[in-house]
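Structure at a glance
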Protein chains: 2
Amino acid sequence: MIIREKEPANLEMPFGQLAGFFTPNDQFYIRAHFPVPEIDPASWRLRLEGEVREARVWSLEDLRKLPATTVPATLECAGNSRVFLVPKVKGTQWELGAVGNAEWTGVSLGEVLRVTGLKEGALEVVLEGADSGAISDPPKPAGKIHYARSVPLGKALEGVLLAYEMNGEPLTPAHGFPLRAVVPGWYGMAAVKWLQRIVVTDRPYNGYYQTVDYAFWQRDAAGVHLVPITEMQVKAAIARPGVNEVIAAGTSYKVTGAAWTAEAEIVKVELSTDGGSSWQTASLGKEKARNSWRLWEYDWSVPPAPGRRVLLARATDSRGRAQPMERDPDRGSYEINHCLPIEVEIR
Amino acid sequence: MIIREKEPANLEMPFGQLAGFFTPNDQFYIRAHFPVPEIDPASWRLRLEGEVREARVWSLEDLRKLPATTVPATLECAGNSRVFLVPKVKGTQWELGAVGNAEWTGVSLGEVLRVTGLKEGALEVVLEGADSGAISDPPKPAGKIHYARSVPLGKALEGVLLAYEMNGEPLTPAHGFPLRAVVPGWYGMAAVKWLQRIVVTDRPYNGYYQTVDYAFWQRDAAGVHLVPITEMQVKAAIARPGVNEVIAAGTSYKVTGAAWTAEAEIVKVELSTDGGSSWQTASLGKEKARNSWRLWEYDWSVPPAPGRRVLLARATDSRGRAQPMERDPDRGSYEINHCLPIEVEIR
């Protein structure tokens, strides 16, 4: 793993190691804002409160008694590929590997909410982690805050898993033991780890991690305003070759990678080996699942002449969304899904 | 006027000059984020759009044909008294005079909305000024934005004036000519100047000036989250003496000032001349109006012994709210209404 920050640990998968549809747990990227909280599973409880019929406390055993589901889902950090932004922007300088695909097992948040019972005014559901700390740059709250994120009620009832297993194994501490959220189709910031409290609110929740952080500026009829980052944007990433890789002239080279989107299927991945002048269609892998990535590959006939070449991959999904060639500056330091140049040397 | 920033002009009234219930227009503080826009009143139009029956454009003449109302209201800059914060915080270093009381004449926003007609989903009303510019510090939108602020629909229907006159005179360019909002009871940031567009939205508007700026961190059952600054907090300010004023020992000195609050009356102003150890009741001025300040005075028998003294004023309103002695750190650099020390020298 590539260390992007030592403490709290922020680790990236070297994306060139992409080898299968599911990412092994020990290769799955780790994004943390605060140190890993120490949690004793026996005394750990999940509090469910706010606009519910009656506030309720769940043990791990209580949750395991509810029907379990297993859901494959790709998680991508909303800041993945930030190192490609020029000029450089603030934030962890992820390259390509702050993304992974896993099978998550747990209980659906909707089930937990239905069992508990909601009040009429329920509007959003705040997922709060046990991890906490102070923010350094303004605008910032005073003192410590917990990592927290909300989802609209509709999404909470349908599209959120409270997961206790990852690829068939209990979560590790770094991945949110004993319980984390997984919001398939959304960037990783919604997948709150170390869940300790779920609050149903009757008004919009403008938490730090969906306003000052993990939000972007939307321009529409109302003007310019902050919108929380939610769905992953369509994106293809090249796993091999890597930047500055030396490739033998006149040979055949298998270019590989993965492509993903939200609430749709990847229907096409194109590859350019000449900086975007021409595009060829890549072959898509057989394994697929909604909100999981799709592997792809392309057999490149490497030209005989030596020199430098820029490779670009471009995905299109079943909702007709294709990756943009240019960066949208209103996206700030997030949702980096324009076609990313991988420069190689033919020798 | 005290210059706090030259361009755009940010001017403060020297608060020691407080002399009457209404602040003369040329002494009324000026807060601007961008340069004053040049507006030709003949071609100027107010666009009203969004969740309305039909988008509509208003000329100044159209608006003047609607019933006019005159409303007295105190406007205080949400950052007034920031210079008292230790350690120093970012932002314009206002002392006491970023506040004033005026009579505003115009048409009620509610009237304009009713004449236009609203759609069912109407939730908030965005007031957009013609002033615009780029933000320098992140988190910030790319490019230029207009100054804008929203009010919830209920407030828009009842409590907002679209003013074209200030103390019986047409607005000056610096005060928002030809049309500005006045939101009685709310801090000045809601009183959008140079209005050019009003958008009725069907979802919460998280504009720059109510999230990154002009917002504070609220701690409640949902956790810590951003809330736009709205109502003025109860506050008494000492106009005379000023900081470091030299006062003759053994004489009588008339301490004066003003006190204000939102949607309530000032019922008590207390003064301490010994740094908060003991408090005496000040006399309240006769003139009063909802959401306007109340003048107050106190005849201080200055002690015969020389030395330094700290004066403090503390207001209480009819809703039982009194000024706090300590600063709430979650208010950041706004809503500075704790009792402010005015240190003087008795000689």
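Conventions used here
- Residues numbered from 1 in each chain as written.
- Chains lettered and ligands numbered in written order.
- Predicted model: local features only at pLDDT ≥ 70, side-chain atom pairs only at ≥ 80, totals over all residues.
- Helix = DSSP H or I, 4+ residues; strand = E, 2+ residues; numbered from the N terminus.
- Rg over C-alpha atoms; globule rule 2.2 N^0.38 Å.
- Buried ≥ 20, exposed ≤ 12 C-beta atoms within 10 Å, placed from the backbone.
- Contact = placed C-beta atoms within 7 Å.
- Least-squares fit on C-alpha atoms with pLDDT ≥ 70 in both.
- Core = buried A, V, L, I, M, F, W, Y, C linked by C-beta atoms within 7 Å.
- Pairing = 2+ DSSP bridges.
- Axes fitted to C-alpha atoms, helices over the stretch in contact; angles between N-to-C directions.
- Arc of directions from axis to C-beta.
- pLDDT = per-residue confidence, 0-100.
- Nonpolar A, V, L, I, M, F, W, Y, C, P; charged D, E, K, R; others polar.

Of the regular secondary structure elements, chain A holds three helices and 23 strands. Rg of the C-alpha trace for chain A: 21 Å, near the compact-globule value of 20 Å for 347 residues, within the 12% margin. Once the C-alpha set of chain A is aligned to its principal axes, its extents read approximately 70 × 45 × 40 Å. The buried share of chain A, reckoned over its 347 residues, is 48%. A separation threshold of at least 6 residues defines the contact pool for chain A, and within that pool the share at least 24 residues apart is 70%.

Once that is clear, we can look at the relation of the copies chain B and chain A. Under the fitted operation, chain B is carried onto chain A by 0.0 Å of movement along the axis and a turn of 180 degrees, and the coordinates agree to an RMSD of 0.0 Å. Such values leave the two copies arranged in the relation of a two-fold axis. Comparing interface residues between copies, 100% of those in chain B also lie at the interface in chain A; the contact surface is shared.

It is worth spelling out the nonpolar core at this point. Buried together is how nonpolar side chains tend to be arranged in soluble globular proteins. In terms of nonpolar packing, the biggest core is built from 198 residues, with Ala181 of chain A together with Ala181 of chain B touching the most fellow members. The residues contacting Ala181 of chain A, other than those within four sequence positions of it, are Leu127, Val160, Leu162, Ala190, Ala191, Val192 and Leu195 of chain A.

Residue and element names in this part refer to chain A. Overall, mixed pairing links the five strands, which are arranged β4-β3-β12-β7-β8 in an open sheet. A strand with exactly one partner marks an edge of an open sheet, and here the two such strands are β4 (56-58) and β8 (144-152). Strand-to-strand twist of the sheet, defined as the mean angle between neighbouring strand axes without regard to direction, takes the value 25 degrees. Sheet topology places strand β3 (residues 46-50) next to β4; three bridges connect them, and they run antiparallel. Considered in β4, the bridge of Leu48 is made with Arg56.

Turning our attention to the pairing of β8 of chain A. Residue and element names in this part refer to chain A. β8 sits mainly inside the fold: seven of its nine residues count as buried. Judged from the eight bridges that link them, strand β7 (residues 124-134) and β8 form a sheet pairing that is antiparallel. Residue pairing for β8: Gly133 is matched across the bridge by Ile145.

So, about helix α2 (residues 109-116) of chain A. Working note: α-helix, 3.6 residues per turn, so residues spaced by three or four point in the same direction. Residues and elements named next belong to chain A. Regarding α2, the residues found buried are Leu109, Val112 and Leu113. In a view along the axis of α2, the buried residues occupy a sector of 95 degrees, so they form one face of it. Those residues of α2 hidden inside the fold are in contact with β3, β6 (99-108), α3 (153-158) and β9 (161-166). Just beyond α2, the residue with positive phi is Gly117, at close to 95 degrees.

Moving on to the confidence of the model for chain A. On average, chain A scores 97 in pLDDT, and the residues at 70 or more come to 100%. For this predicted complex, the interface confidence comes out at an ipTM of 0.91, alongside a pTM of 0.94.

Many authors give the size of an interface as the accessible area that is lost as the parts come together. With 30 residues of chain B in contact, the opposing surface of chain A contributes 30 residues. For the side of chain B that touches chain A, the secondary structure elements donating two or more residues are β7 (124-134), β8 (144-152), β12 (195-201) and β14 (223-228) of chain B. In terms of residue count, β14 of chain B provides more of the side of chain B that touches chain A than any other element does, four residues in total. Across the side of chain B that touches chain A, the residue classes break down as 18 nonpolar, nine polar and three charged.

Bringing unusual backbone geometry into the picture now. A cis amide bond links Val86 of chain A to the next residue, Pro87 of chain A, at an omega of 0 degrees. Each neighbour pair has its own omega, and for Phe177 of chain B with Pro178 of chain B the value is 10 degrees, a cis peptide bond. With respect to the helices and strands, Pro178 of chain B occurs in the loop between β10 (169-170) and β11 (180-182). Even without being a glycine, Trp194 of chain A presents a positive backbone phi close to 50 degrees. Given 26 C-beta atoms within a 10 Å radius, Trp194 of chain A is considered buried. Even without being a glycine, Tyr214 of chain B presents a positive backbone phi close to 55 degrees. Within the secondary structure, Tyr214 of chain B sits in the loop between β12 and β13 (215-220).

Right, let's talk about the environment of Asp330 of chain A for a bit. For Asp330 of chain A, the position within the fold is in the loop between β22 (307-317) and β23 (342-346). Judged by the 15 C-beta atoms lying within 10 Å of it, Asp330 of chain A is partly exposed. In this structure, the C-alpha to C-alpha distance between Asp330 of chain A and Val151 of chain A, residues 179 residues apart in sequence, is 22 Å. Excluding residues within four positions of it along the chain, Asp330 of chain A makes contact with Phe216, Trp217 and Arg219 of chain A together with Pro141 and Ala142 of chain B.

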